[in-house]
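Below, each chain spelled out in residue letters.
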Amino acid sequence: MLLRPLSHLALWAIYASARESAWNGAYTANSNAVGPFRPYYVPQGTTSYDSTSPLIRYHKKWIKVRSNDFIGHSARATQQAGAYVTFTFYGTGIEWFGSMDPRHGFADVYIDGDLIERANAWRDTPRRMSQQLIFWKYDLHCGPHKIKVYNVGTHPGVTGLAIIDVDAFVVTRYGGCKLPQAYGHYFGSSSPSLKGRQANEPHWSLNQLGSTGVAAMQLVVISESHVLIIDKVEHNPLTIDGHPAWAALYNLKTHAVRPIHIRSNSFCAGGTFLGNGSLISVGGNPVVEDYTGAADFGDIDGMQSVRIFDPCDSPKAKNCRLYDDPKRIRLATPRWYNTVIRLDDGSALIIGGSKKGGWINNATVNNPTIEYFPPKDVRGSKGMPIRLPFLVDTLNSNLFPIAFLLPDGKVLIVANQDAVIYDRHDNTERRLPKIPNGVRVTYPMAGGGVLLPLSPETDYKAEILLCGGSTIDDERRGYDISSQEPATSQCSRLVLTEDGIRAGWQIEEMPQARTMPDLVLLPTGDIVIVNGAGSGISGYGNVKGQVGSSNADLPVTTPVLYRPQAPAGLRFTEANIPSSPIPRMYHSVATLTPSGDIMIAGSNPNLDRSEVKYGTEYRVEWLHPPYMMSKRPEITDKIKSIGYKQDLFIKVNLHEIVGEVRVVLMDLGFVTHAVHANSRMVYLEAVLQNDQVKVTGPPNSFIYPPGPGFLYIVVDSVPSFGKKVMVGDGGDPPVDPKVTEYMMHHTKASSG
Ligand SMILES: *[C@@H]1O[C@H](CO)[C@@H](O)[C@H](O)[C@H]1NC(C)=O
Ligand SMILES: *[C@@H]1O[C@H](CO)[C@@H](O)[C@H](O)[C@H]1NC(C)=O
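Numbers given for residues are sequential positions, taken from 1 along each chain in its written order. Here chains are named by letter from A upward and ligands by number from 1 upward, in the order in which they appear as written. Note on the predicted model: pLDDT of at least 70 is required for a residue's local features to be given, and 80 or more for side-chain atom pairs to be given and counted; whole-chain, interface and lining totals, by contrast, use all residues. Side-chain metrics rest on all non-hydrogen atoms present in the structure, leaving aside hydrogens and water.

### Focus: the overall build of the protein chain
Helix numbers and strand numbers start at the N terminus; a helix is a DSSP run of H or I with at least 4 residues, a strand a run of E with at least 2. Along the backbone of the protein chain there are 5 helices and 55 strands. Each of the 752 residues in the protein chain was classed as buried or not, and the buried ones make up 63%. In the protein chain, the proportion of contacts linking residues at least 24 apart, taken out of those at least 6 apart, comes to 68%. For the accessible areas, the method is Shrake-Rupley and the probe is 1.4 Å, while residue cover comes only from the protein chains on display. For the protein chain, the computed accessible surface area is about 27800 Å², with 51% contributed by carbon and sulfur atoms. Any residue under 20% of the maximum accessible area for its type is buried, any over 50% is exposed, and the rest in between are partly exposed; the area is computed with a 1.4 Å probe on protein chains only. Note on contacts: a residue pair qualifies if any of its non-hydrogen atoms lie within 4.5 Å across the two residues.

### Observations concerning the nonpolar core
The nonpolar core is taken to be a set of buried Ala, Val, Leu, Ile, Met, Phe, Trp, Tyr and Cys residues, with the residues joined through side-chain atoms within 4.5 Å. Residues Leu228, Phe309, Tyr337, Leu412, Ile413, Leu496 and Ile713 are the most contacted members of the largest nonpolar core, which totals 107 residues. Top element by residues in this core is strand E29 (residues 411-415). It accounts for 5 residues. Note that the domain bounds reflect an automated or database-derived domain assignment. Counting only domains with at least three residues in this core, you end up with domain 2 (208-629) and domain 3 (634-727). With sequence-adjacent residues up to four places away left out, tyrosine 337 is seen in contact with Phe267, Cys268, Gly353, Leu399, Phe400, Pro401, Tyr443, Tyr586, His587 and His673. One finds Ala248, Val257, Val664 and Tyr683 within the second-largest nonpolar core, a separate group that totals 66 residues.

### Observations regarding the state of the cysteines
Pairs of cysteine sulfur atoms within 2.5 Å are identified as disulfides in what follows. Within the structure shown, the criterion is met by 2 disulfides. Between cysteine 467 and cysteine 491 runs a disulfide, and the two sulfur atoms are separated by 2.2 Å. The sign of the S-S torsion, about 115°, decides the handedness of the disulfide formed by cysteine 467 and cysteine 491: right-handed. Residue cysteine 467 is found in strand E33 (residues 463-467), and its partner cysteine 491 is found in strand E34 (residues 490-495); the two are separated by 24 residues along the sequence. We classify cysteine 491 as buried; its relative accessible area is 0%.

### Description of the site of ligand 2
Near is defined per residue: the residue qualifies when any heavy atom it owns lies within 4 Å of the molecule or strand. Around ligand 2, the neighbouring residues are Leu274, Asn276, Ser278, Ile308, Asp310, Pro311, Phe373, Pro374, Asp732, Pro733 and Val735. Nitrogen and oxygen atoms within 3.5 Å of one another constitute a polar contact, given that in protein one can donate a hydrogen and the other can accept it, and given that sequence-neighbouring residues count only through two side-chain atoms. Asparagine 276 is positioned such that a nitrogen or oxygen atom in its side chain is 2.3 Å from an oxygen atom of ligand 2. One of the side-chain nitrogen or oxygen atoms of serine 278 is found 2.8 Å away from a nitrogen atom of ligand 2. For ligand 2, the accessible surface in isolation is 360 Å², of which the surrounding protein chains cover 68%.

### Some remarks on the pattern of salt bridges
Any Lys or Arg side-chain nitrogen located within 4 Å of an Asp or Glu carboxyl oxygen qualifies as a salt bridge. This structure, assessed with the given rule, holds 27 salt bridges. With a closest N to O distance of 3.0 Å, arginine 476 and aspartate 480 form a salt bridge. The class for aspartate 480 is partly exposed, based on a relative accessible area of 35%. Three or more residues are tied together by salt bridges with common partners; here these are Glu95, Arg609 and Glu611.

### Concerning the site of ligand 1
If you check the shell around ligand 1, you find Lys356, Gly357, Gly358, Trp359, Asn362, Val365 and Arg477 and nothing else. Taking asparagine 362, its side chain carries an N or O atom lying 2.3 Å from an oxygen atom of ligand 1. For ligand 1, an oxygen atom lies 3.4 Å from a polar atom in the side chain of arginine 477. The fraction of the free accessible surface of ligand 1 (360 Å²) that becomes covered by protein chains is 52%.

### Here's the deal with the pairing of strand E20 (residues 270-273)
The alternating pattern of E20 places Gly270 and Thr272 and Gly271 and Phe273 on opposite faces, both of which are buried. Relative to strand E21 (residues 279-282), E20 runs antiparallel, the two sharing 4 bridges. When the sheet's bridge partners are listed, threonine 272 is paired in E21 with isoleucine 280. Linkage of E20 to E21, two consecutive antiparallel strands, is achieved through a turn of 5 residues, within which glycine 277 is found at a positive phi near 95°. When DSSP finds two or more bridges between a pair of strands, those strands are recorded as paired.

### Examining the packing of aromatic side chains
When two rings of Phe, Tyr or Trp (its six-membered ring) have centres within 6.5 Å they constitute a pair, described as stacked for plane angles under 30 degrees, edge-to-face for angles over 60, and tilted for the intermediate range. Across all of its chains, the model carries 16 aromatic pairs by this definition. Chaining the aromatic ring pairs together yields one cluster made of Phe267, Trp336, Tyr337, Phe400, Tyr443, Tyr540 and Tyr586. The ring of tyrosine 110 has lysine 148 sitting right over it, with the charged end atom 5.2 Å from the ring centre. Comment: the charge-over-ring label is applied if NZ (Lys) or CZ (Arg) is within 6 Å of the ring centre and within 35 degrees of the ring normal.

### Focus: helix H5 (residues 737-746)
What H5 keeps buried is the set Val739, Met743 and Met744. Buried residues of H5, seen end-on, are gathered within an arc of 130° and therefore sit on one face of the element. For H5, the exposed residues set more than 90 degrees away from the buried face come down to Pro737, Lys738, Glu741 and His745. Arc definition: it is the arc formed by the directions from the helix axis to the C-beta atoms.

### Some words on the sheet that holds strand E7 (residues 106-111)
Taking strand neighbours across the sheet as the criterion, the 5 strands line up as E2-E5-E10-E7-E8 in an open arrangement whose pairing is antiparallel. The open sheet has two free edges, formed respectively by strand E2 (56-59) and strand E8 (114-120), since each of these has just one partner strand. Across this sheet, the average inter-strand angle for adjacent strands is 20°, counted without regard to direction. Where strand E5 (residues 84-91) lies against strand E10 (residues 143-151), 8 bridges are found, and the strand directions are antiparallel. Bridge pairing in E10 places tyrosine 84 opposite tyrosine 150. Lines fitted to the C-alpha atoms define the axes, with helices restricted to the stretch that makes contact. Angles between their N-to-C directions range from 0 to 180 degrees.

### Re the sheet that holds strand E11 (residues 164-166)
Across the sheet, which stays open at both edges, the 3 strands sit in the order E3-E4-E11 with antiparallel pairing between neighbours. The two strands at the open ends of the sheet, each matched to only one other strand, are strand E3 (63-66) and E11. If you compare each strand with its neighbour and ignore which way they point, the axes differ by 40° on average. Bridge count between strand E4 (residues 74-78) and E11: 3 bridges; the pairing is antiparallel. Among the inter-strand pairings, threonine 78 is bridged to a residue of E11, identified as isoleucine 164.

### Examining the side chain of threonine 333
One can find threonine 333 in the loop between strand E23 (322-323) and strand E24 (339-342). Looking at threonine 333, the relative accessible area reads 16%, which means it is buried. Here the side chain of threonine 333 touches arginine 335 through a polar contact of 3.3 Å, side chain to side chain. Reaching out from threonine 333, the side chain makes a polar contact with the side chain of asparagine 367 at a distance of 3.1 Å. When neighbours within four sequence positions are excluded, threonine 333 is seen to be in contact with Met303, Gln304, Asn367, Thr369, Glu371 and Pro385.

### Quick word on the confidence of the model for the protein chain
Scored from 0 to 100, pLDDT records how confident the predictor is in each individual residue. In the predicted model, the protein chain carries a mean pLDDT of 89, and 90% of its residues have values of at least 70. In the model, residues 18-34 has pLDDT below 50 throughout and makes 45 contacts with residues more than four positions away in sequence or in other chains. Ignoring residues within four places in sequence, the model shows residues 179-197, a span with pLDDT below 50, making 26 contacts including any to other chains.

Next up, the structure:
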């Protein structure tokens, strides 16, 4: 049925009568005021153009509608199919704000003549919701662009006349939107970087494509096609249930992003997969009680949260959700900036953190304990937290400790200037030599740590590499520290055997100093170091000479490759690796993807979304090692799982590549704050037999703890696409209901 067009007066009356209610109409645990939620937000550094701006051109029939609910008290609306609006702007992104309700409908949004999306302003709500973000795009190149919003005239409710309106456009201009000439090639306009080289000869490249929609503070690859991104509660453009989202799924194939609902504030949580393939997100932040708006966002206290994300491997990542019910599942104690790793029984070890959100840790707020999920009884602990003196002795700069399960089942923990090998069964610590030269490697003097590849040829000898951080004294106050104090270029390596420990830390220098680096293991066994700052310290709003709110400055924008097998002195190279025009410092991330390139996202040294210098960065970059351009081997079999010591015959197509054939099992890690928890690479025993590789599963669960991993075949240092596999039997981690009950009974939830 087709509806008859409304008279202008009737259209106007719809706007005059409809009033919106609160976004969720309910009071939440820790807030006392609920107001109407309106996503309209003009981050510092962006420009808002009201619907009355002469730069906005309305074509065909539009009327001006007035209400105090509108930005500037007015909007322009049309119910004519085919009516459209155009707006030419100079920037890197655009947002369209307008109203949503059952009378609003679809609009086709074009940028520079290309149809980008069919946006949907239809919402099944009784009341009109105004100042809603209907469309956004942030990954345009810096320059002039034209947006066109075209009223399709329909909506999903009924076929008939649908309204669209324009309340305002907000233009974003990342990084000042003044790109140096040298970056021309970066956006694919020309390719001066190919000078003197065959265009098809494999080389490094970097491109920008896609937006994360929520700031990428935490990032984890959950399947061959999707990455889960978790942020804190803030004014992200991606919305869910009528309020900004703070988690999203990013599709690696289509670059589409979809919001994920989270109940509690996940700011500064850690996370890991369990042995059964579920992911847990652990700890977080109390409800934020400033203008970021507890009432608006409806989040609950996340300090003791254990959020569960069940395996979600379907190519479309359907029905993926984060389950969060603090009454049923939670930590014993509050943890902000904790590290979580997976153990050999498929359970999680949760290390340290602070009991209260803040900045640098101190004795008052420190949580110098570990606990397990599911809770364990270790020497009579009955699921209660176990004190670790190491976490007292490493104050103040000891948040987000760097930790790895070692091939003998013990756990390496690095914090501040120290390292320890922890035996969780005996609850004993073995202290290791201090990191040389006063270098601190954990928050807020964040360095990066990686367990070098484990290989049967060296009998799985473990070796840790730590790079970057700072020598700033962690007893100084924020007002005394400057954003200009240099980071360290030091990398330190320690072999974790008796001989290695006796020989002590081996020191090397990166070509550039960095704090907050991301160390990303490649299937070739090399490590790419990206992101970070040349000076200052993690966090925002704490130190002298802040840039915007950033405690750090001098973004380091050239990635460096580290080849652990090369002779000392020859391990680093920046040769032919392109620089990025995008600063990525605090709250930035990077990960290897199943396809073998490196996804780089985030940077947000801000309390809430901002676009002043070092603003909130939603653009994604992709760093392609030269092997991405080579002919690549291929795993042609479907493989779902691999057992310990189990022989598996995997069909492969080597595409006539000759050279050494290796098979690597990788954990791509849970990335946040420069910590790549669980990041791991194990060489599996492998023999090529015609078109098959006989692969033997890892020798035991210390070398690769049970849970998900990615399997790559590497021929002549060129890896295949990585296949997701379950290592072990996929069984649940051990649960002792009595221990869980004891812990729940004897501890209190911060979220009430
Ligand atoms: C300890 O840290 C908390 C949280 O950042 C802060 O509120 C408190 O003032 C600090 N205490 C001292 C003694 O520095
Ligand atoms: C995995 O184990 C955890 C902890 O017992 C449980 O909460 C979760 O539901 C399990 N996942 C699956 C898919 O069964």
